[in-house]
Amino acid sequence: MTTAAGELTAELRGFRKVQRLAYECAEAVAAQLKPGVTEREAARMQRTWLRERGVRDWFHLPFAWFGDRTAFVNFRVPLQFFPTDRPLEPGMPFILDMAPLYEGCTADIGYSGSLGVNPVQNRLMDDLEAHRELILREVRERRPLREIYEDVDRLMARQGYANRHRAYPFGVIAHKVDRVPERRWSPHVFGFGTRSLKGLAADALHGHREGWSPLWSPYRFSDHPPQPGLWAVEPHLGFRGTGAKFEEILVVTDSADPEQSAFWLDDDLPHVRRWAEDK
Amino acid sequence: MTLPAGVRERRVRTGGVELCVAELGDPSGPTVVLVHGYPDSKEVWSEVASRLADHFHVVLYDVRGHGRSTAPRPLRGGFTLEKLTDDFLAVADAVSPDRPVHLVGHDWGSVQAWEFTTVRRTEGRIASFTSMSGPSLDHFGHWINKRVRRPTPRRVGQLLGQGAKSWYVYLLQTPVLPELAWRGPLGTYWPRILERLEKVPGGGYPTSSLPTDAAHGVWLYRDNVRTRLRRPRTDAYAHAPVQLITPLGDAFLSENLFDDLEHWVPQLARRTIPARHWVPRSRPDQLAAWISQFVTSVEGGRPDAVKATGKYADRFGGQLVLVTGAGSGIGRATAFAFAEAGARVVAVDRDAEAAVRTAELSRLLGAPEAWAETVDVSDEQAMEKLAEKVAAEYGVVDVLVNNAGIGLSGSFFDTAPKDWKKVLDINLWGVIHGCRLFGKQMADRAQGGHIVNTASAAAYQPSKALPAYSTSKAAVLMLSECLRAELAGQGIGVTAVCPGFVNTNITSTARFAGVDAAEEKRLQKRTARLYGLRNYPPEKVADAILRAVARNEAVVPVTPEARGAHLMSRFTPRVLRAIARLEPPL
Ligand SMILES: NC(=O)c1ccc[n+]([C@@H]2O[C@H](COP(=O)([O-])OP(=O)(O)OC[C@H]3O[C@@H](n4cnc5c(N)ncnc54)[C@H](O)[C@@H]3O)[C@@H](O)[C@H]2O)c1
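Residues numbered from 1 in each chain as written. Chains lettered and ligands numbered in written order. Predicted model: local features only at pLDDT ≥ 70, side-chain atom pairs only at ≥ 80, totals over all residues. Heavy atoms only, no water.

A. Summary view of the overall build of chain B. Counting its secondary structure elements, chain B contains 23 helices and 17 strands. With the C-alpha coordinates of chain B rotated into their principal frame, the extents come out at 90 × 50 × 40 Å. Out of the 586 residues in chain B, the part that is buried amounts to 57%. Contacts spanning at least 24 positions in sequence make up 77% of the contacts within chain B whose residues lie at least 6 apart. For chain B, the exposed surface amounts to about 24300 Å²; the carbon and sulfur share of it is 56%. (Helix = DSSP H or I, 4+ residues; strand = E, 2+ residues; numbered from the N terminus. Buried < 20%, exposed > 50% of the residue type's maximum accessible area, 1.4 Å probe, protein only. Contact = heavy atoms within 4.5 Å. Areas by Shrake-Rupley, 256 points an atom, 1.4 Å probe, with all protein chains shown as cover.)

B. Spotlight on the packing of aromatic side chains. All told, the structure shown has 34 aromatic pairs over all chains when counted by the stated rule. Aromatic side chains Y161(A) and F239(A) sit 5.4 Å apart centroid to centroid with 65 degrees between the ring planes, which places their arrangement in the edge-to-face category. Of the two residues, Y161(A) is situated in the loop between α4 (145-159) and β5 (162-163) and F239(A) in strand β11 (residues 236-239); the sequence distance between them amounts to 78 residues. For the pair Y161(A) and F239(A), one class covers both residues: buried. Three or more aromatic residues joined by ring pairs make a cluster, and in this case those are Y38(B), W108(B), W167(B), Y168(B), W182(B), W190(B), Y221(B), F252(B) and W278(B). One residue, R53(A), lies across the ring of W49(A), its end atom 3.7 Å from the ring centre. Taking NZ or CZ as reference, R222(B) lies 4.8 Å from the ring centre of W219(B), over its face. (Phe/Tyr/Trp six-rings, centres within 6.5 Å; stacked < 30°, edge-to-face > 60°. Lys NZ or Arg CZ within 6 Å of the ring centre and 35° of its normal.)

C. Representation of the layout of surface pockets in the model. All names here are of chain B. Estimated volume of the second largest pocket: approximately 1100 Å³. Along its surface, the second largest pocket is lined by 49 residues, and S282, R283, Q447, G448 and G449 are the ones closest to its centre. Class assignment for the residues of the lining of the second largest pocket results in 18 nonpolar, 17 polar and 14 charged. Taken domain by domain, the makeup of the lining of the second largest pocket includes at least three residues from each of domain 1 (8-299) and domain 2 (316-580). (1 Å grid on protein atoms, 1.4 Å probe; cavity = no way out; pocket = protein on both sides within 12 Å on 5 of 7 lines; lining within 4 Å. Points joined across faces, edges and corners; volume = space filled by probe spheres on them. Nonpolar A, V, L, I, M, F, W, Y, C, P; charged D, E, K, R; others polar. Domains from an automatic or database assignment.)

D. Highlighting the packing of helix α17 (residues 417-445) of chain B against helix α18 (residues 467-487) of chain B. Residue and element names in this part refer to chain B. Interhelical geometry of α17 versus α18 gives an angle of 15 degrees and a closest axis separation of 9 Å. When the axes of α17 and α18 are compared, the pair comes out roughly parallel. Viewed along their axes, α17 and α18 form a crossing whose handedness is right-handed. Packed against α17, whose contacting residues are W420, V423, L424, N427, L428, V431, I432 and C435, the element α18 presents P467, A468, Y469, T471, S472, K473, A475, V476, L479 and L483 at the interface. In terms of residue class, the contact of α17 with α18 is made up of 14 nonpolar, three polar and one charged. (Axes fitted to C-alpha atoms, helices over the stretch in contact; angles between N-to-C directions. Parallel < 35°, antiparallel > 145°, perpendicular 65-115°, else oblique. Left-handed = near helix turned anticlockwise from the far one by under 90°.)

Dropping the structure here:
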């Protein structure tokens, strides 16, 4: 999917563009957060920002989680993921999560931060770096997704954290994303774009016949090597009342060259820059 | 008990009496004024004062009519809170003319100090107040009124409860008799009563002035209680940060008395301690630590710094907690939960890196201090060295959690002697060493404490697949019960925790006897997945452990299956025996 010179194909450039747009949105909204802003308001700020820049459709509508909701404390039903009226307070951790569609390409990103200093949140962000490295390394080794999932779990446990992506539907750490044809009418169910869901469902059906799944889970249906395509990967650490994650696209190809067989779509993202600066 | 060497005495004249004032420590440091209760004299503080003297300028005085201070003439009307406030101001002006002082009061000393802290004329003279076992009479008056005026069943219960605890207050209101009793038999027997009922250690306290102190002090009640309770002041708001220390076993005051305190005190930190009324005698280490921490944080301009966020912060804040096997799973989660409650944590594990990690994260969570120690709990000498080091460098452990343990599965005949040895060495001997060494330090200190041993539901649920592990855990359970009986009289609690299936790393490290390495790997993976599906988090076990310590519970089954099996072991043991014969689903 990349040219010999290591440049991205036009299609990947499209995905990178929307992913960058989404991270820009996250940074812009994060900079506007102040005490008293609610999750609903933060979600609306993301929506408005992206709409103003031409986003018309979503894989899912933006989410915002504040305080111990960043670690999904006491989440039991999926409805609890939706933004609430909880106001942000000084020192509180937060996560913004959005999945805009733009020019037919999907992004699905997660941005974690805190309002002012939060040493625990800070530490979680530092410790996410090892997960980004581990996932890439093991995907390049073509290890079964289920085993990579378990290795991420083990690394989290060693770090002293709990796996919070387990709280997502099907406990997935990642899911496939694809091009979605742009239409004027784009209905949503429970915040998810129907056309994107249709895409996932079609993939699931297709994969089911071939023995793979578009969902990267701890279950047997993920007991297969990484499937070429784009994966939105989101390791989510939880530590008592604080959660942190990143979410970004991992490109998997069928190239024999390990470097080309898998790579992060973009290395110029806020969390990656942060780790580089710390060095 | 006399005051420690190096004490400086002076006499302060005020309002017709002469007060005996003692000072210790560096006068240029922050001044801490200790006020004693009834029937006591300033010597009640001797243990606390000597511990505080290393850091502060410590001042104690005999309340008028007590110890070596003179009594007012006549006695009646000589002990009003107004006069006691005059005394305090005179002492404060003498010992710390330029800086406000930190007040500490116990019993009637605390009742007085509440008055000092809530009247306007002392504003600017008090930097902080640590209160134990003595309410503000005004707050108490409002507390009663609120319950009398709107008597819900609960409120009536609270009223009756406190009413029953105040029997002695009514007695003291009768004329002459109390004086006669104190100067007669009660004065003679009082020290023994204190030792027996109140668990106050002997050692020369109370002093010989007791009969006179007690006879004079009766007027504290007669001059104040009725008038104040009938017409409590409505403006009794504290003008300094207050730390409230509540002994949970106090025979004279119920905890509910302080329910509404936030209304009166803008900056309130709460502490609870499992002890009886005379904490200055029975728990001097803990009091000195809490007073130091509070005074230091107020001096540093952060009176709320003591506020850890955890649920049991009032109980465990500043305590020293040692957890073995703290590098993973239940032990690590337990260390974190104590850290969140503001405890100081010693994380012990044979895996050095994991222990360091636990200590690091504990500090992030709110532990004022946390250390990692790399020790194998089955190594007797290493444990002895650890115990020495901890006592010398960190102090006597308040809560010990013997949690390190390993899993071993396989039929009895597949289990080789060396497997048996290993599992017993860690699971049983590790616990024995911990109890022997750290429990001994606790018992010698004689100021209470708590030991938690991690047993398992396997301690009462037999299984043909886990003979060695279950045996080791049954032994831990019985050891805990025996030790609990032995230490009960010394205020040291012992708890056996029986978790059930908890999603930790134990499944990946458990040994499977009688199979080759490849099969063992497969079985480990399989169990790990099963426990993963069950997905009971170690954090919940940690919560159960903190709760068990706070409530001093004996045996604590945690997960529903552990609780179910525990019930069955008592009522339908045959069912458990039938389950024991099943092949585990591996
Ligand atoms: N996980 C469960 O389902 C379960 C159920 C019942 C009882 N338990 C008991 O709980 C305790 C903790 O187990 P866990 O599940 O957290 O396991 P774990 O394997 O996650 O953690 C145990 C920790 O103890 C340490 N350790 C092991 N042997 C040691 C030794 N000799 N000296 C010092 N440290 C040592 C290990 O390095 C590890 O960090 C054990 O006693 C276990 O038997 C666990």
